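# A closer look at the structure
So you can see what is in the structure, the chains are spelled out below.
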Amino acid sequence: MSTFLAFPKEFIWGAATSSYQIEGAWNEDGKGESIWDRYAHTPGKIVDGTNGDVACDHYHLWPQDVALMKTLGLKAYRFSMSWPRVLPVGRGRVNEAGLDFYSRLVDGLLEAGITPVVTLYHWDLPQALQDEGGWPARSTAEAFAEYAAAAGRRLGDRVQHWITHNEPWCASILSHQLGEHAPGWRDPAAALRAAHHLLLSHGWAVPVLRASSPGSEVGITLNFEAKEAASASPADVAKTRLEDGGYNRWFMDALYGRRYPADVMAHYAPHFPQGMDFIQPGDYEAIAAPIDFLGVNYYTRSIVRDHDAPDNLPPTRLADRPKMDMFNNLENPIPWEVYPEGLYNLLNRLHFEYSPAKLYITENGASYGDGPGADGHVADTRRREYIQAHIAAAHRAMQNGVPLAGYFVWSLLDNFEWAKGYLQRFGVIYVDYATQQRTPKDSALWYREVIANNGFHAENGFQPPNVQNG
Ligand code: FCB
């Protein structure tokens, strides 16, 4: 028995990448230094000692990559622009050669019949702006609006899908409080200021993009983790609520006009003895500028345990799902679980609690180290299973009325996975970094069929997952 999971005619099947992770050419054609150049060049920051200087050399090999996308039948390609390629010191002088690169890429995509979906910020802040205070400083948000204007002016006639930011939680909390991404700070107050300025810069960029790119869709991409309490004890439940607040609700509530959640504000308040004066009159209104879609990045769940509670109950929810190679927490690694139910639950939650006009899954995927076998084939069965189960979960959510309009697999290519370097392979296309040779993995060949048929047969253990209870 198998059921064909059909998708709407207009459903957008895509793949995603980001500038620093694939482009290389870190100092070519007038590009300025980014915080990721600086960070990865700092010994000890990247687990395998590598950096993105060359990465997939996409800056030079992009015509070949677009050709590969065409053979897969991709309807859309989500990539990000490097801010310091466009504005080498973050504001002021525009580097036309940088804009030329993205303009050629956009033209190449359109010629291949592939819709470009452009993310403005996927973490490579110009180092010059970092030197002036980075995201904890309000001036960085002002500079972002200038960058958005430069991008819109040059590409707005051809790009009809804009994403202001990718995962502001990572660009703020992970980078400024947990110290795991550039600039590598461990300062909760700076992290919260960064989170606010990222959202504010989004709000300021929305009207700028609408003006320079008439008729386009503008949105933002957030990352969500399914946060689930390890037990039903009050301590675990309270901690789970707070983690969900800092990770998910902080961003969603503000974007959807509800201001910041009171519990998260109270949690951070001790770090602001003078009050949170970085939130200025008019900011909430700016952040809640209406958007056309919400981008959703989903990979895994996290099971939350309050290890300090003296009277905690024994855990009843265990991390018992299959794991991928990727992990959270560099010091005390917790592998990512394969948990498609979390995507189903998340899409329902977003729809029923916030009702975004439209949603795209802008990233979803898995890292497994499988490489070419003797016959040259990459049999990445686990990745194919992961993607299949997650698309099935998304399909099931759509049956509840969730207005999901597209799915972008992360990632098109194996690439530089930030602090984890090249050890994590998320691509549906294998990259041999020594030769820059690309080989579509089995997951890519399977995905090509899904796109061609606009759906797939869910069979042999790939039935849509059940709702997670409790
Ligand atoms: C997301 C990032 C993306 C990639 C994947 C694995 O958080 O947006 O660049 O690192 O995780």
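In short, a report on the structure. Every value quoted in this text rests on a predicted model; they were computed, and no experiment measured them.

Quick notes on the rules
- Residues numbered from 1 in each chain as written.
- Predicted model: local features only at pLDDT ≥ 70, side-chain atom pairs only at ≥ 80, totals over all residues.
- Heavy atoms only, no water.
- Helix = DSSP H or I, 4+ residues; strand = E, 2+ residues; numbered from the N terminus.
- Rg over C-alpha atoms; globule rule 2.2 N^0.38 Å.
- Buried < 20%, exposed > 50% of the residue type's maximum accessible area, 1.4 Å probe, protein only.
- Contact = heavy atoms within 4.5 Å.
- Areas by Shrake-Rupley, 256 points an atom, 1.4 Å probe, with all protein chains shown as cover.
- Lys, Arg positive; Asp, Glu negative; His and termini not counted.
- Charge placed at Lys NZ, Arg CZ, Asp CG, Glu CD.
- Pairing = 2+ DSSP bridges.
- Axes fitted to C-alpha atoms, helices over the stretch in contact; angles between N-to-C directions.
- Near = heavy atom within 4 Å.
- Polar contact = N/O pair within 3.5 Å; in protein donor to acceptor, adjacent residues only side chain to side chain.
- Nonpolar A, V, L, I, M, F, W, Y, C, P; charged D, E, K, R; others polar.
- Parallel < 35°, antiparallel > 145°, perpendicular 65-115°, else oblique.
- Left-handed = near helix turned anticlockwise from the far one by under 90°.
- Core = buried A, V, L, I, M, F, W, Y, C linked by side-chain atoms within 4.5 Å.

## Looking at the overall build of the protein
When helices and strands are counted, the protein shows 15 helices and 14 strands. Taken against the 2.2 N^0.38 rule, which gives 23 Å for 470 residues, the C-alpha radius of gyration of the protein at 21 Å falls within 12% of a compact globule. Counting only C-alpha atoms and orienting by the principal axes, one finds that the protein spans roughly 60 × 60 × 45 Å. Expressed as a percentage of its 470 residues, the buried residues of the protein come to 61%. Residue pairs in contact within the protein that sit at least 24 positions apart in sequence constitute 77% of those at least 6 positions apart. For the protein, the accessible surface area stands at approximately 17200 Å², while carbon and sulfur atoms represent 54% of it. The distance from the centre of the 40 positive side-chain charges to the centre of the 55 negative ones in the protein is 3 Å.

## Points about helix α8 (residues 168–176)
Among the nine residues that make up α8, nine are buried, leaving the element largely enclosed by the rest of the structure. Of all the residues in α8, the buried ones are Pro168, Trp169, Cys170, Ala171, Ser172, Ile173, Leu174, Ser175 and His176. Contacts made by the buried residues of α8 are with β4 (115–121), β5 (161–166), α9 (188–212), β6 (217–229), α10 (234–255) and α11 (262–268).

## As for the sheet that holds strand β10 (residues 359–363)
Ordered in space as β2-β3-β4-β5-β6-β7-β10-β11, the eight strands form a closed barrel in which the pairing is parallel. Adjacent strand axes in the sheet meet at a mean angle of 30° when their direction is disregarded. Those strands touched by α8 are β4, β5 and β6, and its axis lies near 55° from that of β6. Contacting β2 (12–16) and β11 (404–410), helix α15 (residues 442–453) runs over the sheet at an angle of about 155° to β2.

## Here's the deal with the site of the ligand
Around the ligand, the neighbouring residues are Gln21, His122, Trp123, Asn166, Glu167, Tyr299, Glu363, Trp410, Glu417, Trp418 and Phe426. The side chain of histidine 122 places a nitrogen or oxygen atom 2.8 Å from an oxygen atom of the ligand. Between an oxygen atom of the ligand and a side-chain N or O atom of glutamate 363, the distance comes to 3.0 Å. In isolation the ligand exposes 300 Å². Once the protein is present, 95% of that is buried. Among the residues making up the shell around the ligand, the classes are represented as five nonpolar, three polar and three charged.

## Description of the packing of helix α3 (residues 58–72) against helix α5 (residues 96–111)
One way to put it is that α3 packs onto α5 with a least axis distance of 10 Å and a crossing angle of 15°. Our classification of the angle between α3 and α5 gives roughly parallel. For the element pair α3 and α5, the recorded crossing hand is right-handed. For the pair formed by α3 and α5, the contact residues are His58, Tyr59, Trp62, Val66 and Met69 on the first element and Phe101, Arg104, Leu105, Gly108 and Leu109 on the second. Looking at side-chain class alone, the contact of α3 with α5 contains seven nonpolar, two polar and one charged residues.

## Brief notes about the environment of glutamate 132
If you trace the backbone, glutamate 132 turns up in the loop between α6 (127–131) and α7 (138–155). Residues within four places of glutamate 132 in sequence aside, it is in contact with Arg91 and Ala137.

## Topic: the nonpolar core
A general tendency of soluble globular proteins is for nonpolar side chains to be buried together. Within the largest apolar cluster, 149 residues are counted, with the highest numbers of intra-cluster contacts made by Trp36, Met81, Trp83 and Tyr121. Per element, the largest residue contribution to this core is eleven residues, and it comes from α9. Ignoring anything within four residues of it in the chain, the contact list for tryptophan 36 reads Tyr20, Ile46, Trp123, Asp124, His181, Ala182, Phe416, Trp418 and Ala419.

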